[in-house]
Amino acid sequence: MPLPPLGDYLETLRTVTPLVHCMTNYVAMNSTANVLLATGASPAMLHAPEEVAEFTAISAGLSINIGTISSHWADAMLTATATASQHAIPWVLDPVAVGATRYRQTLCAKLLAAQPSVIRGNASEILALKGLTSQGRGVDSTAATEQAEEAAVALAQQHGCIVAMTGKTDWVTDGTQHYRISGGHPLMPRVTTLGCGLSALVTAFVATHHETTLAATAAALGCFAIAGERAGNAAQGPGSFQVALLDALYQLTPNDLTTHTQWEAIHGA
Amino acid sequence: MPLPPLGDYLETLRTVTPLVHCMTNYVAMNSTANVLLATGASPAMLHAPEEVAEFTAISAGLSINIGTISSHWADAMLTATATASQHAIPWVLDPVAVGATRYRQTLCAKLLAAQPSVIRGNASEILALKGLTSQGRGVDSTAATEQAEEAAVALAQQHGCIVAMTGKTDWVTDGTQHYRISGGHPLMPRVTTLGCGLSALVTAFVATHHETTLAATAAALGCFAIAGERAGNAAQGPGSFQVALLDALYQLTPNDLTTHTQWEAIHGA
Amino acid sequence: MPLPPLGDYLETLRTVTPLVHCMTNYVAMNSTANVLLATGASPAMLHAPEEVAEFTAISAGLSINIGTISSHWADAMLTATATASQHAIPWVLDPVAVGATRYRQTLCAKLLAAQPSVIRGNASEILALKGLTSQGRGVDSTAATEQAEEAAVALAQQHGCIVAMTGKTDWVTDGTQHYRISGGHPLMPRVTTLGCGLSALVTAFVATHHETTLAATAAALGCFAIAGERAGNAAQGPGSFQVALLDALYQLTPNDLTTHTQWEAIHGA
């Protein structure tokens, strides 16, 4: 099934300017707020247990990122995700480095139980997340990419959510329909917290499009794919890339997004 | 009464390079430090209860911003503001999103009791802050801007401080004299933490000019109004705006500030 | 003794892309991650007591910076440095503002006991650190620079580590051999957290060169000296300097580093 015109999603986002409650890592806070503002959403960063439920309840979407997690933050995230579920507010999980420590694995298992609308991670993170709730098959003969795609589909089916697996090319699935999105630039892995910012942007898109979460997620990926490519072409290195990316997100038009996003539906995954 | 030549304030600031103790939010820390350094002040960010009083006491000014507040930070801020009062060190309150949650309202009531030298916020924040200590009138027929100006004047009178209310145009008052400052650029709301950085810059100016806090605050607003306008004219979007703003603050001369700040005294407010 | 070709160290770093566990201050997290990524290393920022030992053990190097320290972070840093020592993983201490408060002095005494591989600080910090473990001589007739150089050498001897004292020119010593490295640009002190980023870059270099820590540290200083000079020549102020520095670190070649680093061996210090 073809994706709907993705530019429509950007147009709505800019009209609505959704309030996105971000509970993200210290490294990513500034850059994430700027990604949201540049594209057209309204970020708010706060995490105190005394206020987190009250604030999530008035937000359009909630973005959870465990990059620099600690116990107080983890507790507040679980409060926020419970609030989001209760009020049918979409929320996005970015399981940063979930494979690296047992602490992250335990926390992500709890967050998955709170039913995210979307999971956004790289291939390693998606594989590690899948491993939390299934028998591992160990290393086998299937290629790493193929394995990760299978894991993404299985995760999406198991948790009834969208999975966006990003990297050199992106893959997004609701467990039944799958799309590949291409674009971006080789400089992107040389700049910190781009993935974190993308997760927050996914939140902004799904916050304004509850009924079409898969396409809304694809629209967010399309923004980064196109803006990333343009920024890379304008940049001399990772410093000027960052600057150019925010400019490109700001300059991106709905028509650009509809006509320039390189996507393809994947069959038989 | 006309404002004194604002460039004199910048000249003094650059000679003194005041040490500004910043207790600000995680999103704003880096950009705030860079705003202070670019303009000519010396930032220090620290918040541990074990050291906060010792450090405030050797600072020229204290900047308090509740953006990503939590209980340990709130306690340390109250210690720091008490120390500042005790040593007659000027301090500035930035009541980020005070209207959003009861937790912020309770904390800001305590901070107001510690007698800030200056309050710097947007119109919503000034209105919310005023509401903490007065009977609300509810929504009435006065225009929002007019209502916010009245709230700013009342807050200034009630707490014996300067109130700087910033937005498309800025308004600064000591409760008796009021000035409007114009400038800036439409890109400014598309970049995160500019207001936070401005609050810290107000701190740097008042830290070096205890006797003329109103004019010193106006000088800080003038810096952002002029540098913001120049940065906006040079920028292609919010990414390049941020870069250009720091460059413009660095390049701003005292003569620029005196001759290019667009201000007017407001009568009968 | 002449330094070996410094470009070899950069070449190895880029081949190995060492995983650097950073426990640094909130102000510096984003810029530090970007310095490491631009140069060719792989940063990870995390600090929870539940995972810190597990993660340090799989890292190539550990970077400790006390800029925005508080008690939970301090405890986690001591766990991490103990883990690093146990696994012979090199770690670098950046004693930010150690002279400013007793709290910092007490913490740094504990961190020194955990035996850093390298200490990277400015002259005031090196002097303050030296003062923790020796009888102070008070202010005397020796010049400040000379005094700081003596302190650097004494610290290196006392703790069996490298000391890198950076400023207008840099000085690096293992207690026996001393080198001065020149370069950089006057804009550098007008940008926040450059020293913090440099400490992390030192970590990345020593993480890949355990046997030649002195030369590896010099290579990191050389990167900043050259890239800083190039960035300064391209910049209009501190905003564009930051951008240009990341680009310059990215563009720096091993051959550049070998042929353009301005260093001299110091005799009789």
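Residues numbered from 1 in each chain as written. Chains lettered and ligands numbered in written order. Predicted model: local features only at pLDDT ≥ 70, side-chain atom pairs only at ≥ 80, totals over all residues. Heavy atoms only, no water.

An unreviewed UniProt entry annotates chain A as Hydroxyethylthiazole kinase originating from Vreelandella maris. The UniProt entry for chain A carries the following text under Sequence similarities (unreviewed entry): "Belongs to the Thz kinase family." The Cofactor (unreviewed entry) field of the UniProt record for chain A holds the comment "Mg(2+)". (UniProt positions renumbered as here; feature names shortened; annotations may be inferred.)

Asks: Tell me what's going on with the nonpolar core, and back it up with residues and numbers.
Replies: F205 of chain A, F205 of chain B together with F205 of chain C are the most contacted members of the largest nonpolar core, which totals 283 residues. Once you skip the residues sitting within four places of it in the chain, F205 of chain B turns out to touch Y9, L10, L13, A216, A219, A220 and C223 of chain B. (Core = buried A, V, L, I, M, F, W, Y, C linked by side-chain atoms within 4.5 Å. Buried < 20%, exposed > 50% of the residue type's maximum accessible area, 1.4 Å probe, protein only. Contact = heavy atoms within 4.5 Å.)

Asks: So what's going on with the interface of chain C and chain A? Residues and values would help.
Replies: Taken together, the contacts link 24 residues of chain C with 26 residues of chain A. Between chain C and chain A, roughly 2,100 Å² of surface is buried when both sides are summed, and carbon and sulfur atoms account for 58% of that area. Applying the counting criterion to the chain C and chain A interface returns two salt bridges. Between R104 of chain A and E51 of chain C there is a salt bridge, with the nearest N and O atoms lying 2.7 Å from each other. Listed by contribution, the elements that provide at least two residues to the side of chain C that touches chain A are helix 2 (29-39), helix 3 (52-57) and helix 10 (238-251) of chain C. Residue contributions to the side of chain C that touches chain A peak at seven residues, all from helix 2 of chain C. Of the residues that constitute the side of chain C that touches chain A, the class distribution is 14 nonpolar, six polar and four charged. (Buried area = accessible area lost by both parts, 1.4 Å probe. Salt bridge = Lys/Arg side-chain N within 4 Å of Asp/Glu carboxyl O. Helix = DSSP H or I, 4+ residues; strand = E, 2+ residues; numbered from the N terminus. Nonpolar A, V, L, I, M, F, W, Y, C, P; charged D, E, K, R; others polar.)

Asks: I'd love a proper account of the side chain of N25 of chain B, names of residues and values included.
Replies: All names here are of chain B. Among the secondary structure elements, N25 is positioned in the loop between strand 1 (19-23) and helix 2 (29-39). For N25, a relative accessible area of 4% gives the class buried. One polar contact links the side chain of N25 to the main-chain amide nitrogen of A28, over a distance of 2.8 Å. At 2.8 Å, the side chain of N25 forms a polar contact with the side chain of N65. For N25, the contacting residues outside a window of four places in its chain are N65, G67, T68 and C196. (Polar contact = N/O pair within 3.5 Å; in protein donor to acceptor, adjacent residues only side chain to side chain.)

Asks: Can you break down the interface of chain B and chain A residue by residue, with the values?
Replies: Interface size is commonly expressed as the accessible surface area that is lost when the partners come together. The partner chain A presents 24 residues to the 26 residues of chain B that form the contact. Of the roughly 2,100 Å² buried where chain B meets chain A, counting both sides, 58% is carbon and sulfur surface. Considering only the surface of chain B that becomes buried against chain A, Y26, V27 and R190 of chain B emerge as the three largest contributors, covering 27% of it. Counting across the chain B and chain A interface gives two salt bridges. With a closest N to O distance of 3.7 Å, E54 of chain A and R102 of chain B form a salt bridge. Run the count over chain B and chain A and you get eleven residue pairs in polar contact (both at pLDDT 80 or more). When residues of the side of chain B that touches chain A are traced back to their parent elements, those giving at least two are helix 5 (102-113) and helix 10 (238-251) of chain B. With five residues, the single largest contributor to the side of chain B that touches chain A is helix 10 of chain B. Residues that form the side of chain B that touches chain A fall into these classes: ten nonpolar, 13 polar and three charged.

Asks: Tell me about the confidence of the model for chain A, residues and numbers included.
Replies: Residue and element names in this part refer to chain A. Considering every residue of chain A, the mean pLDDT works out to 94; 95% of them sit at 70 or more. In the predicted structure, residues 135-142 sits below a pLDDT of 50 and forms six contacts with residues beyond four places in sequence or in another chain. We note a pTM of 0.96 for the whole complex and an ipTM of 0.95 for its interfaces. (pLDDT = per-residue confidence, 0-100.)

Asks: Describe empty space enclosed by the protein, naming the residues involved and giving the relevant values.
Replies: The tally for this structure, following the rule as stated, stands at three cavities of 30 Å³ or more. In this model, the largest cavity occupies a volume close to 790 Å³. Taken together, 48 residues make up the lining of the largest cavity; nearest its centre are N30 and Q242 of chain A, Q242 of chain B together with N30 and Q242 of chain C. Counting residues per element, the ones that place at least two in the lining of the largest cavity are helix 2 (29-39), helix 8 (194-207) and helix 10 (238-251) of chain A, helix 2 and helix 10 of chain B together with helix 2 and helix 10 of chain C. (1 Å grid on protein atoms, 1.4 Å probe; cavity = no way out; pocket = protein on both sides within 12 Å on 5 of 7 lines; lining within 4 Å. Points joined across faces, edges and corners; volume = space filled by probe spheres on them.)

Asks: Quick one: what's the story with the side chain of H47 of chain B, residue by residue and with numbers?
Replies: Relative to the helices and strands, H47 of chain B is located in the loop between strand 2 (42-45) and helix 3 (52-57). Once residues lying within four places of it in the same chain are set aside, the contact partners of H47 of chain B are M23, V52, W73 and A76 of chain B together with Y26, T68, I69 and S70 of chain C.

Asks: Give me the lowdown on helix 5 (residues 102-113) of chain A, citing residues and values where you can.
Replies: In this model helix 5 of chain A runs 17 Å from its N-terminal to its C-terminal C-alpha over twelve residues, within 8% of the 16 Å that 1.5 Å per residue would give. A positive backbone phi angle near 60° is found at Q115 of chain A, which sits one or two residues after helix 5 of chain A. (Expected span 1.5 Å × (residues − 1).)

Asks: A description of the relation of the copies chain C and chain A should follow, citing residues and the corresponding values.
Replies: Once chain C is rotated about the relating axis by 120° and shifted along it by 0.0 Å, it coincides with chain A to within an RMSD of 0.0 Å. Interpreted geometrically, this transformation is the action of a three-fold axis. When C-alpha positions in chain C are compared against the rotation axis, the closest is assigned to Y26 of chain C, at 3.8 Å. (Least-squares fit on C-alpha atoms with pLDDT ≥ 70 in both.)

Asks: Describe in detail the UniProt feature "binding site: substrate" (unreviewed entry) in chain A, supporting the description with residues and values.
Replies: The UniProt record annotates "binding site: substrate" (unreviewed entry) at M45 of chain A. By relative accessible area, which is 9% here, M45 of chain A ends up buried.

Asks: Pulling in residues and values, what's your account of the relation of the copies chain B and chain A?
Replies: Each copy superposes on the other: chain B lies on chain A with an RMSD of 0.0 Å after a rotation of 120° and an axial shift of 0.0 Å. Mapped onto chain A, only 8% of the interface residues of chain B are again interface residues, and the two copies thus contact each other with different surfaces.

Asks: Any chance you could break down the sheet that holds strand 5 (residues 118-121) of chain C for me, citing the residues and the numbers?
Replies: Residue and element names in this part refer to chain C. An order of 2-1-3-4-5-6-7-8-9 is seen for the nine strands of this open sheet, with the pairing classed as mixed. Looking at strand neighbours, the two that pair on one side only are strand 2 (42-45) and strand 9 (262-266), the edges of this open sheet. This sheet shows a mean twist of 20° between the axes of neighbouring strands, independent of strand direction. Bridging between strand 1 (residues 19-23) and strand 2 involves four bridges; their strand directions are parallel. Bridge pairing in strand 2 places L19 opposite S42. (Pairing = 2+ DSSP bridges. Axes fitted to C-alpha atoms, helices over the stretch in contact; angles between N-to-C directions.)

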